[in-house]
Amino acid sequence: GLEWFGSKTRESASGKTAGTRVHDALMVICDRRPGMALVLAHVLHWHSLNKDGTSRARITRHDKLWVARSQRELGRYVGGDEEALAGHLDWLAQHGYVEVVTDRWRFDSERDWGKPTTHIRPCPASIGAALKARDAEIRAAIEQKKSGFQ
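Just so it is clear, the structure is predicted and the values come from calculations on it, not from any experiment.

Cut-offs applied
Residues numbered from 1 in each chain as written. Predicted model: local features only at pLDDT ≥ 70, side-chain atom pairs only at ≥ 80, totals over all residues. Heavy atoms only, no water. Helix = DSSP H or I, 4+ residues; strand = E, 2+ residues; numbered from the N terminus. Buried < 20%, exposed > 50% of the residue type's maximum accessible area, 1.4 Å probe, protein only. Contact = heavy atoms within 4.5 Å. Areas by Shrake-Rupley, 256 points an atom, 1.4 Å probe, with all protein chains shown as cover. pLDDT = per-residue confidence, 0-100. Salt bridge = Lys/Arg side-chain N within 4 Å of Asp/Glu carboxyl O. Core = buried A, V, L, I, M, F, W, Y, C linked by side-chain atoms within 4.5 Å. Pairing = 2+ DSSP bridges. Axes fitted to C-alpha atoms, helices over the stretch in contact; angles between N-to-C directions.

Caption draft 1: Fine view of the overall build of the protein. If you tally the helices and strands in the protein, you get 7 helices and 6 strands. Starting at the N terminus, the α and β elements of the protein follow one another as β-α-β-α-α-β-β-α-α-β-β-α-α. Residue burial in the protein is summarised as follows: out of 150 residues, 39% are buried. Contacts in the protein between residues far apart in sequence, at least 24 positions, make up 51% of those at least 6 positions apart. Here the protein displays about 9,000 Å² of accessible surface, and carbon together with sulfur accounts for 51% of that area.

Shown next as structure tokens:
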């Protein structure tokens, strides 16, 4: 159950792929809004485990793991302009899927030194509740896609 969304920014940055796969479940809980689902997919990826079993999220603030991205980096990873990405993150935060802090900490990489850093972390309880509440809709979307491919 995967959707495919192209991103010219991602294609030119990586030279390998013209889009990112997003699971139907994320599309459903994000009300079939591809931008929001794509950002949520990236946030979940950043907070998953590497092949060696360590977390990709490495920043600890207030006893929680965060991923920090400057606006430039966020655009490079996800694709899209800063205003659109900020809107996607706001929507995800309003729906309780992510926690976003943009003004508390500063970026410490050489290129983005001192610029506000977007710190992001998923809210598993809210995501889980949304998945459970919309389970029938998710299953129907996946079944519809399977029947279309046969």
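Caption draft 2: Here's a closer look at the confidence of the model for the protein. For the protein, the average pLDDT comes to 81, and 77% of its residues sit at 70 or higher. Across the protein, the secondary-structure element scoring lowest on mean pLDDT is strand 1 (residues 2-6), at 46, and the one scoring highest is helix 6 (residues 124-133), at 96. Taken as a whole, residues 1-6 scores under 50 in pLDDT and shows 29 contacts with residues more than four places along the chain or in a different chain.

Caption draft 3: Broad picture of the pattern of salt bridges. One pass over the structure, following the stated rule, counts 7 salt bridges. When the shortest N-O distance is used, the salt bridge between aspartate 24 and lysine 145 registers 2.9 Å. Placement of aspartate 24 in helix 2 (residues 24-29) and of lysine 145 in helix 7 (residues 135-149) is noted, with a sequence separation of 121 residues between them. For arginine 134, the salt bridge is made with aspartate 31, and the minimal N-O distance between the two is 2.8 Å. Of this pair, arginine 134 sits in the loop between helix 6 and helix 7 while aspartate 31 sits in the loop between helix 2 and helix 3 (34-46), placing them 103 residues apart in sequence. Because the salt bridges share partners, they merge into one network encompassing Asp31, Arg134 and Glu137.

Caption draft 4: Quick peek at the nonpolar core. Counting 31 residues, the largest nonpolar core has Ile29, Cys30, Leu40, Leu92 and Tyr97 as its most contacted members. With 8 residues, the top contributor of residues to this core is helix 3. Residue contacts for leucine 40: discarding those within four places in its chain leaves Leu26, Ile29, Cys30, Leu92, Tyr97, Val98 and Ile127.

Caption draft 5: Broad picture of unusual backbone geometry. Positive phi is not limited to glycine here, since aspartate 31 has a value of about 55°. Phi at histidine 62 takes a positive value of approximately 55°, unusual for a residue other than glycine. Looking at the secondary structure, you find histidine 62 in the loop between strand 3 (59-61) and strand 4 (64-69). Residue classification places histidine 62 among the exposed positions, given a relative accessible area of 56%.

Caption draft 6: Region of the structure containing the sheet that holds strand 6 (residues 118-122). Taken in spatial order, the 4 strands make up an open sheet running 3-4-6-5, and their pairing is antiparallel. Unpaired on one side and paired on the other, strand 3 and strand 5 (98-101) mark the two borders of the sheet. Going across the sheet, the axis of each strand differs from the next one's by a mean of 40°, ignoring polarity. One ladder, built from 3 bridges, connects strand 4 with strand 6; its direction is antiparallel. Paired with arginine 69 across the bridge in strand 6 is threonine 118.

Caption draft 7: Highlighting the pairing of strand 4. Bridge count between strand 3 and strand 4: 3 bridges; the pairing is antiparallel. For threonine 60, the partnering residue across the bridge sits in strand 4 and is leucine 65.

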